[in-house]
Amino acid sequence: MKKRMNHIVCMIMMIVSMLSYANPTYSLDTHKESTILTFNNVKKGHQLVIKDTNLLILYKEAIQKNGRYSKGFDLTALPDGTYYFELEKDVEIVVIPFTVVANKVTFDKEKETIVYKPTVRLEENHLFVSRLSLDTQPLSIKIYYRDSLGKGTDLIFSEKIKNTKIVERIYELSKEKKGKYTIVFTSKGREFEEHIKF
């Protein structure tokens, strides 16, 4: 078990180091009335959204092909306020904040962030959960069970984790409880769900 945990830690550290030396994942080209957003490496199925500060989705698009994505947006028409471009990828969300004041759009490079999504892996009856949070955001984990007959859903485990950069947990599922499990993660106003069948 300890060997597996060491392997997971090594993989997470390798990913973090690769990300810190990677080329920028996107570029912005701002003109008078339009902003061209280009992502260099996207995959079909990634989601691009524009949200306001209340997390209301103003625009949503599913990426249609792998490779380079480029699109122009007229952001000057938005009411004055703070907004976010978010590209939801497989294991991360790229968050690009911008403000609109008097039809002028300003991007704040200092406030750009990457949110790392929790990952789940099942080996036999062991459920491996990991999450990287460079700013040590709290994480709530809830595991729900639904039996193979589909009779109701029960909360079987709940945990709140604070002040931890690298979350690594191994949960042992009962071999007698075959069915569907839903793992719900909540962190910084975001909710992620993973579904597994055991």
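Parameters at a glance
Residues numbered from 1 in each chain as written. Predicted model: local features only at pLDDT ≥ 70, side-chain atom pairs only at ≥ 80, totals over all residues. Heavy atoms only, no water. Pairing = 2+ DSSP bridges. Helix = DSSP H or I, 4+ residues; strand = E, 2+ residues; numbered from the N terminus. Axes fitted to C-alpha atoms, helices over the stretch in contact; angles between N-to-C directions. Phe/Tyr/Trp six-rings, centres within 6.5 Å; stacked < 30°, edge-to-face > 60°. Buried < 20%, exposed > 50% of the residue type's maximum accessible area, 1.4 Å probe, protein only. pLDDT = per-residue confidence, 0-100. Contact = heavy atoms within 4.5 Å. Core = buried A, V, L, I, M, F, W, Y, C linked by side-chain atoms within 4.5 Å.

Draft legend 1. Focus on the sheet that holds strand S5 (residues 67–73). Spatially, S1-S2-S5 is the arrangement adopted by the three strands of the open sheet, whose pairing is antiparallel. A strand with exactly one partner marks an edge of an open sheet, and here the two such strands are strand S1 (26–30) and S5. The mean inter-strand angle of the sheet, taken between neighbouring strand axes irrespective of direction, is 15°. Of the strand pairs in this sheet, strand S2 (residues 35–42) and S5 are connected by six bridges, and their pairing is antiparallel. Directly across from Ile36, in S5, lies its bridge partner Gly72.

Draft legend 2. Region of the structure containing the sheet that holds strand S14 (residues 166–172). Taken together, the three strands give an open sheet; going across it, the order is S10-S11-S14, and neighbouring strands pair in antiparallel fashion. Strands with a single pairing partner mark the edges of an open sheet, and in this sheet they are strand S10 (119–123) and S14. Shown here is a sheet whose adjacent strand axes are inclined to one another by a mean of 15°, direction ignored. Relative to S14, strand S11 (residues 126–132) runs antiparallel, the two sharing seven bridges.

Draft legend 3. Focus on the packing of aromatic side chains. Under the definition given, this model contains ten aromatic pairs. When the ring of Tyr26 is compared with that of Phe39, the centres are 5.9 Å apart and the planes differ by 50°; the resulting orientation is tilted. Taken as a pair, Tyr26 in strand S1 and Phe39 in strand S2 lie far apart in primary sequence, 13 residues in all. Among the residues examined, Tyr26 registers a relative accessible area of 9% and is labelled buried. Where Tyr59 meets Phe73, the ring centres are 5.4 Å apart and the plane angle is 85°; that geometry is what we call edge-to-face. Here Phe73 lies in strand S5 and Tyr59 lies in strand S4 (residues 57–62), a separation of 14 residues in the sequence.

Draft legend 4. Expanded view of the pairing of strand S7 (residues 92–101). Within S7, eight of the ten residues are buried, which leaves it mostly tucked inside the rest of the structure. As defined by bridge partners, strand S6 (residues 81–88) adjoins S7 across eight bridges and the pair is classed as antiparallel. Residue Glu88 lies in a different strand from S7, and its bridge partner there is Ile93. Between S6 and S7, which pair antiparallel one after the other, the connecting turn spans three residues. Two strands pair when backbone bridges link them, and S7 and strand S9 (residues 113–116) are joined in this way by four bridges, in the antiparallel orientation. Looking at S9, one finds that Ile93 is bridged to Val115. Direction of pairing for S7 relative to strand S8 (residues 104–107): antiparallel, over a ladder of four bridges. The residue of S8 that forms the bridge with Thr99 is Thr106. Counting the residues in the hairpin turn of S7 and S8 gives two residues, including Ala102, whose phi is positive at 50°.

Draft legend 5. Quick look at the confidence of the model for the chain. Looking at the chain, pLDDT values average 86 and 88% of them are 70 or higher. Across residues 16–23, confidence stays below pLDDT 50; counting only partners more than four residues off in sequence or on other chains, it has three contacts.

Draft legend 6. Quick peek at the nonpolar core. Phe39, Leu48, Leu75, Phe85 and Phe98 are the most contacted members of the largest nonpolar core, which totals 20 residues. Sorting the residues of this core by element identifies S2, strand S3 (47–52), S5, S6, S7 and S8 as the ones contributing at least two each. Setting aside chain neighbours within four positions, we find Leu48 in contact with Leu37, Phe39, Tyr59, Lys60, Glu61, Ile63, Tyr69, Phe73, Phe85, Glu86 and Leu87. One finds Ile161, Val167, Ile183 and Ile196 within the second-largest nonpolar core, a separate group that totals 18 residues.

Draft legend 7. Quick peek at unusual backbone geometry. Phi is positive for Leu55, which is not a glycine, with a value near 65°. Within the secondary structure, Leu55 is located in the loop between S3 and S4. For Leu55, a relative accessible area of 43% translates into the label partly exposed. In the Ramachandran plot, Lys188 falls in the positive-phi region, its phi being about 50° despite a non-glycine side chain.

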